[in-house]
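Chain by chain, the residues:
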Amino acid sequence: MLEEVQRWLGARSWSAADRPLEQLLEAKRQTGRTVSVVLPALDEEATVGAIVTTIRDALMTGPLPLVDELVVLDSGSTDRTAEVAAAAGARVVHRDSVLPRLPSLPGKGEVLWRSLLATTGDIICFIDADLREFSATFVSGIVGPLLTDPDVQFVKAMYDRPLETGPDRTAAGQGGRVTELVARPLLNLHWPQLAGFVQPLGGEYAARRSLLERLPFPVGYGVELGLLVDALHTVGLDALAQVDVGVRKHRHQDGQALGRMAAAIYRTAQLRLTRGHLVRPRLTQFDRGEHGFVPRTTDVDTEERPPMTDIPEYTSRRAA
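Residues numbered from 1 in each chain as written. Predicted model: local features only at pLDDT ≥ 70, side-chain atom pairs only at ≥ 80, totals over all residues. Heavy atoms only, no water.

### Side note on the pattern of salt bridges
Two side chains that carry opposite charge are able to pair once their charged atoms sit near each other.
Here is step 1: Taken as a whole and judged by the stated rule, the model has 19 salt bridges.
Here is step 2: The partner of Arg-29 in a salt bridge is Glu-26, and the shortest N-O contact between them spans 2.6 Å. Taken as a pair, Arg-29 and Glu-26 lie in helix H2 (residues 21-31) at a separation of 3 residues, close to a single helical turn.
Here is step 3: For Arg-101, the salt bridge goes to Glu-313, with nearest N and O atoms at 2.4 Å. Of this pair, Arg-101 sits in the loop between strand E4 (91-94) and helix H5 (108-118) while Glu-313 sits in helix H11 (residues 312-319), and the two are 212 residues apart along the sequence.
Here is step 4: In this structure Arg-101 comes out as partly exposed when scored by relative accessible area, which is 47%.
Here is step 5: Given the relative accessible area of 30%, Glu-313 is considered partly exposed.
Here is step 6: Salt bridges here are not isolated pairs; linked through shared partners, they connect Lys-108, Asp-128, Glu-204, Glu-224 and Arg-248. (Salt bridge = Lys/Arg side-chain N within 4 Å of Asp/Glu carboxyl O. Helix = DSSP H or I, 4+ residues; strand = E, 2+ residues; numbered from the N terminus. Buried < 20%, exposed > 50% of the residue type's maximum accessible area, 1.4 Å probe, protein only.)

Listed below in structure tokens is the structure:
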């Protein structure tokens, strides 16, 4: 590990308990910063309501709430995600209603990118909508450094991520399989300054709007790696931080879904290493059929949305 990263780990890695809620509210009062929380959601009716309720009850009450805006960005759910989220108290926005002149592309990154137009906060906090046993410290923990330290611009959550191995059985400290097999090797080899991030692909992170609006957004699974790498190049390592928020429990993907995720993440890294023209990649996987293994080929997510400051609708809203 680079000496610079060892120093960063000591200076820019914290616990959520390091900044009590009272301290954050006082910092918010002094700075006047506003906070938006965004939950990107696709068919998450089983979990989204509890997350919204927890955030509203813990962080959106009193004369000065920590969270000013709670938005569920629905990316085309076919279940009751929107209904459940709205009933719990979130403002639900459908992906296709934001910037309708641009046809929506499938993918999580597309939703996160459009959320910049659907929110108004100075600080934007992204939280995955499939978390179970959710704690409000996921939000307050990663928002905290942005309210109390003007030099910090981008904060990732870090946590234990147990892997369910069977009924009532988990493997402690496991679960980030794509992180360990793909993302961490890529970062250590090509961006060693980012080697200190415990959960580089985690979906829980917060950043200043002034940074996010300057970054391109990969539309698919590569969005977390892409934002992290681009934030490093845009504001430098000392503007990045991570906060320990405990344990993250969520729905795990099957092996083939993880393969597609890994391919998209590798492609995102490849684009940042070359920034040149590359052939659109495809990934072939195999399913067992009636007469043996059957190949199934899918396109790898490669589309990226430009920095939001390049979008006229966004710049005109900011100027108003």
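Right, picking up where we left off after that structure.
### Quick notes on the packing of H2 against helix H6 (residues 137-148)
Here is step 1: In the contact formed by H2 and H6, the axes pass within 9 Å of each other and the chain directions differ by 40 degrees. One element, H2, and the other, H6, form an angle in the oblique class. By crossing handedness, the relation of H2 to H6 is classed as left-handed. Across the interface between the two elements, Gln-23, Leu-24, Ala-27, Lys-28 and Thr-31 from H2 touch Ser-140, Gly-144, Leu-147 and Thr-148 from H6.
Here is step 2: Taken together, the residues that form the contact of H2 with H6 break down as 3 nonpolar, 5 polar and 1 charged. (Axes fitted to C-alpha atoms, helices over the stretch in contact; angles between N-to-C directions. Parallel < 35°, antiparallel > 145°, perpendicular 65-115°, else oblique. Left-handed = near helix turned anticlockwise from the far one by under 90°. Contact = heavy atoms within 4.5 Å. Nonpolar A, V, L, I, M, F, W, Y, C, P; charged D, E, K, R; others polar.)

Functional significance is not addressed by these values, which are geometric in nature.
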